[in-house]
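# An overview of the molecular structure
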Amino acid sequence: MSDEEREVVIEEVVESGGGPGQIYPQVPEGFVEIPEGKKFAAETLGTFILVIGGVGTAVLAGERVGALGVALAFGLTLMFLVYAIGPISGCHVNPAVTLGQLLMGRMSTRSAVGYWIAQVVGGLLAGLVLFALAKNLPSYDRGINGLGANGWGAHSPSAQTGPLGEIVVQNGYGMASMIIIEVMLTALLVFVVLASTDQISDAPLAGLSIGVTLAVIHLISIPVDNTSVNPARSLAVAWYQDGAPGQVWAFIVFPLIGGVLGALVYAMIFGRGTRETVV
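Residues numbered from 1 in each chain as written. Predicted model: local features only at pLDDT ≥ 70, side-chain atom pairs only at ≥ 80, totals over all residues. Heavy atoms only, no water.

## A closer look at the overall build of the protein chain
Note the threshold: The helix count covers DSSP runs of H or I at least four residues long, the strand count covers runs of E at least two residues long, and both are numbered beginning at the N terminus. Burial here depends on accessible area, computed with a 1.4 Å probe over protein chains only, as a share of the maximum for the residue type. Under 20% is buried, over 50% is exposed, and the range in between is partly exposed. Throughout, a contact is declared for two residues whenever any of their heavy atoms are within 4.5 Å. For the area figures, the Shrake-Rupley method with a 1.4 Å probe applies, and any residue is considered shielded solely by the protein chains shown.
From N to C terminus, the protein chain includes 9 helices and 2 strands. Taken across its 279 residues, the protein chain has 50% of its residues classed as buried. Taking the contacts inside the protein chain whose residues are at least 6 apart along the sequence as the reference set, 73% of them involve residues at least 24 apart. Summing over all exposed atoms, the protein chain offers an accessible surface of approximately 12,500 Å²; the carbon and sulfur share of this is 66%.

Shown next as structure tokens:
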């Protein structure tokens with residue numbers, strides 16, 4: 001990259017409040033453009049680790065650590081991922097976060113599509129590994145235990161089942177609760193990501209604030225729908241739990257709507273306009 005090209009990149013970073021999909025908006029000395037392929041690989045790996053760390057804790061150790069342990073697993077996993085792959089890809093590991101970055105002009109449409117594909121692939125690989133691990137336990141019953149999928153009504157974690165755990169005798173939280181939770185809490189997550197990585201924020205603390213936010217989000221919403229706020233996380237395990245594939249569409253649509261809302265709130269509060277998006 002020539003000096004003139006580097007100056008253009010730095011100017012764009014400052015104008016947009018953050019780098020092209022980066023978790024650290026400040027441009028380091030000796031800035032070097034990172035190849036798209038490395039960013040996509042980082043997103044695939046990061047989403048894989050997030051699903052293994054968070055959903056894996058729920059599936060393999062949920063009875064031992066409870067909702068608090070699962071929430072901390074998600075939050076801590078995202079926190080260390082921010083510091084590990086943030087300098088490479090921005091550590092989105094979530095299509096809703098990528099959508100927020102795209103709307104704020106921090107990345108091109110082409111890059112966003114690549115991120116989304118990488119995130120879904122990483123999540124699906126993690127789901128496959130988790131299912132292989134879970135079914136290796138003789139007492140595991142896919143119909144009863146599932147695989148940490150999201151759901152409402154009869155598939156909500158708050159649904160009451162009979163003595164054998166197979167028949168639902170009382171539904172849990174309904175669709176309306178799920179919609180409110182997913183839109184509101186995804187908006188919160190995307191807002192915190194954008195705000196924590198704004199040029200006026202203390203970027204080195206971004207990982208802590210984002211990770212704690214995800215942990216709190218899970219503490220609020222695990223009883224409602226098992227907490228998605230991330231379409232890649234929902235797609236990762238829906239195929240291994242009865243009833244989940246029929247509801248997974250909602251955990252794609254409403255988190256993305258929440259991502260748009262979070263970006264709009266960020267733009268309004270921080271006064272960041274969207275630059276013309278690069279195709």
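What follows continues from the structure just given.
## Here's the deal with the side chain of Thr77
Which entries qualify depends on this criterion: Polar contact criterion, stated in full: a pair of N or O atoms within 3.5 Å, where within protein one must be able to donate a hydrogen and the other to accept it, and residues adjacent in sequence count only if both atoms are side-chain atoms.
Within the secondary structure, Thr77 is located in helix 2 (residues 36-89). Residue class for Thr77 comes out buried when judged on its relative accessible area of 7%. Only 2.6 Å separates the side chain of Thr77 from the backbone oxygen of Ala73, close enough to count as a polar contact. Leave out the neighbours within four places in its chain, and Thr77 touches Ile49, Leu50, Gly53, Gly54 and Leu72.

## Section: helix 9 (residues 250-270)
Formally: The span expected for a helix works out to 1.5 Å for each residue beyond the first.
Taking 1.5 Å of rise per residue, 21 residues should cover 30 Å, and helix 9 covers 30 Å from first to last C-alpha, within 8% of that figure. Along helix 9, the residues that are buried comprise Ala250, Phe251, Phe254, Pro255, Gly258, Gly259, Gly262, Ala263, Tyr266 and Ala267. Turning to helix 9, the residues buried within the fold contact helix 3 (95-103), helix 6 (175-196), helix 7 (206-225) and helix 8 (231-237). Gly271 occupies a position one or two residues after helix 9 and carries a positive phi of about 70°.

## Re the packing of helix 2 against helix 4 (residues 109-134)
As a reminder of what qualifies: The angle between two axes is taken between their N-to-C directions and runs from 0 to 180 degrees, where each axis is a line fitted to C-alpha atoms and a helix contributes only its stretch in contact. Here is the rule for handedness: rotate from the far helix to the near one, and if that takes an anticlockwise turn smaller than a right angle the crossing is left-handed, while a clockwise turn gives right-handed.
Relative orientation of the contacting elements helix 2 and helix 4 amounts to 35°, with a least axis distance of 12 Å. The hand of the helix 2/helix 4 crossing is right-handed.

## Digging into a nonpolar patch on the surface
As a reminder of what qualifies: In this scheme, patches are assembled from residues that exceed 30% relative accessible area and form no salt bridge. Like charges are connected within 9 Å, while nonpolar side chains (Val, Leu, Ile, Met, Phe, Trp, Tyr) are connected within 5 Å. Here a salt bridge means any side-chain nitrogen of Lys or Arg lying within 4 Å of a carboxyl oxygen belonging to Asp or Glu.
On the surface, Tyr83, Leu205, Leu208, Val212, Val216 and Ile220 cluster together to form a nonpolar patch covering roughly 500 Å² of accessible area. At 4 residues, helix 7 tops the list of elements feeding residues into the nonpolar patch. In this fold, Val212 is placed in helix 7. Residue classification places Val212 among the partly exposed positions, given a relative accessible area of 43%.

## Examining the nonpolar core
This is how it is decided: Residues enter a nonpolar core if they are buried and are Ala, Val, Leu, Ile, Met, Phe, Trp, Tyr or Cys, with the set joined through side-chain atoms within 4.5 Å.
Counting 47 residues, the largest nonpolar core has Leu50, Leu78, Cys91, Leu147, Leu189, Ile210 and Leu214 as the members making the most contacts within it. Secondary structure elements with two or more residues in this core: helix 2, helix 3, helix 4, helix 6, helix 7, helix 8 and helix 9. Counting residues per element, this core draws most heavily on helix 2, which supplies 10 residues. If we skip the residues at most four places from it in the chain, Leu189 touches Asn94, Ile210, Thr213, Leu214, Ile217 and Val229.

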